[in-house]
Amino acid sequence: MLGDILLISDKHKKAAESIAERVLIEKEAFDESSPGYRFIVAISGESGAGKSELSHSLALVLKKEGFKVKILHTDNYYRVEPLLRRADREKKNFEGIGPEEYNREELLRNIDDFRSGRKADMPCIDIITEKVDRLVTDFSDIDILIIDGLYAIATEGIDLGVYIDLTYKETKKNQMLRGKEMTDEHRWKVLQMEHQSALKLRHIANTFIDRDYRVLFCD
């Protein structure tokens, strides 16, 4: 997202280094049977958990290893744009908050663009204007795609799924500091609903980051 605010700390960098080691091992294994395999990492977690910070840190570590990396933010793929989303959710009495809010067809199309090494026309939310712009990305030379978002690990075809085990209550301070959305009763209701939806997807992940930001891998 254009204009997003990142609060990167040493814990994000350390976790990124650990995850990068796993990515390199798994990508090498894929490359043995399919040279030049285009690898996908998905990072999920609740609001304020550090998804964007971890994604950015991981991309930088992988870049130092010689890979070309692109981050895809699933928040850009909501069916209802930011300026209208609040009223839309209230109109629906907060029902339907979850993965179905994404434009899944467009998200999967852009992921296929990456897999195929094509140019892609992608949505991109400008944080300042809260409007959806269009971004053209050339995936032809991109080796690794990092998908970042609350429900990112639910995306089909990912190779490594990371889940950050922090709830919206534990990350309240980070949410206030970033100030991307109003922190009123409406917002906390949305966060509660997102929390329930995220927990249902947690089992999909094969890599977890605990409350102390330690990385735990599952075989």
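Computed from a predicted model, the values in this text were never measured in an experiment.

**Some details on the UniProt feature "domain: Phosphoribulokinase/uridine kinase" (unreviewed entry) in the protein chain**
Next, step 1: UniProt records the feature "domain: Phosphoribulokinase/uridine kinase" (unreviewed entry) for residues 40–166 in the present numbering.
Next, step 2: Structurally, residues 40–166 is divided into 29% helix and 29% strand, and its ends, taken at the C-alpha atoms, are 23 Å apart.

**Points about unusual backbone geometry**
Next, step 1: Located in the positive-phi region is F94, a residue other than glycine, with phi close to 65 degrees.
Next, step 2: Within the fold, F94 resides in the loop between α3 (82–91) and α4 (104–116).
Next, step 3: The class for F94 is buried, based on a relative accessible area of 14%.
Next, step 4: Positive phi, normally seen in glycine, also occurs at E130, with a value near 60 degrees.
Next, step 5: Along the chain, E130 falls in the loop between β3 (119–126) and β4 (131–138).
Next, step 6: Given the relative accessible area of 34%, E130 is considered partly exposed.

**Observations regarding the packing of α3 against helix α6 (residues 185–201)**
Next, step 1: Following both chains from N to C, one finds α3 and α6 inclined at 70 degrees, their axes separated by 12 Å at the closest point. With respect to each other, α3 and α6 are oriented roughly perpendicular. Here R86, R89 and E90 of α3 lie close against α6, whose contacting residues are H186, V190 and E194.
Next, step 2: Of the residues that constitute the contact of α3 with α6, the class distribution is one nonpolar, one polar and four charged.

**A short note on the nonpolar core**
Next, step 1: Residues L72, F139, L145 and I147 are the most contacted members of the largest nonpolar core, which totals 29 residues.
Next, step 2: Within the residue set of this core, elements represented by two or more residues are β1 (39–45), α4, β3, β5 (144–148) and α6.
Next, step 3: It is α6 that contributes the most residues to this core, four residues altogether.
Next, step 4: Once you skip the residues sitting within four places of it in the chain, I147 turns out to touch I40, V41, A42, I43, L72, T74, I111, A152, T155 and I158.
Next, step 5: Formed by 24 residues, the second largest nonpolar core is a distinct cluster that contains V23, V41, I164 and Y213.

The rules behind these values
Residues numbered from 1 in each chain as written. Predicted model: local features only at pLDDT ≥ 70, side-chain atom pairs only at ≥ 80, totals over all residues. Heavy atoms only, no water. UniProt positions renumbered as here; feature names shortened; annotations may be inferred. Helix = DSSP H or I, 4+ residues; strand = E, 2+ residues; numbered from the N terminus. Buried < 20%, exposed > 50% of the residue type's maximum accessible area, 1.4 Å probe, protein only. Axes fitted to C-alpha atoms, helices over the stretch in contact; angles between N-to-C directions. Parallel < 35°, antiparallel > 145°, perpendicular 65-115°, else oblique. Contact = heavy atoms within 4.5 Å. Nonpolar A, V, L, I, M, F, W, Y, C, P; charged D, E, K, R; others polar. Core = buried A, V, L, I, M, F, W, Y, C linked by side-chain atoms within 4.5 Å.

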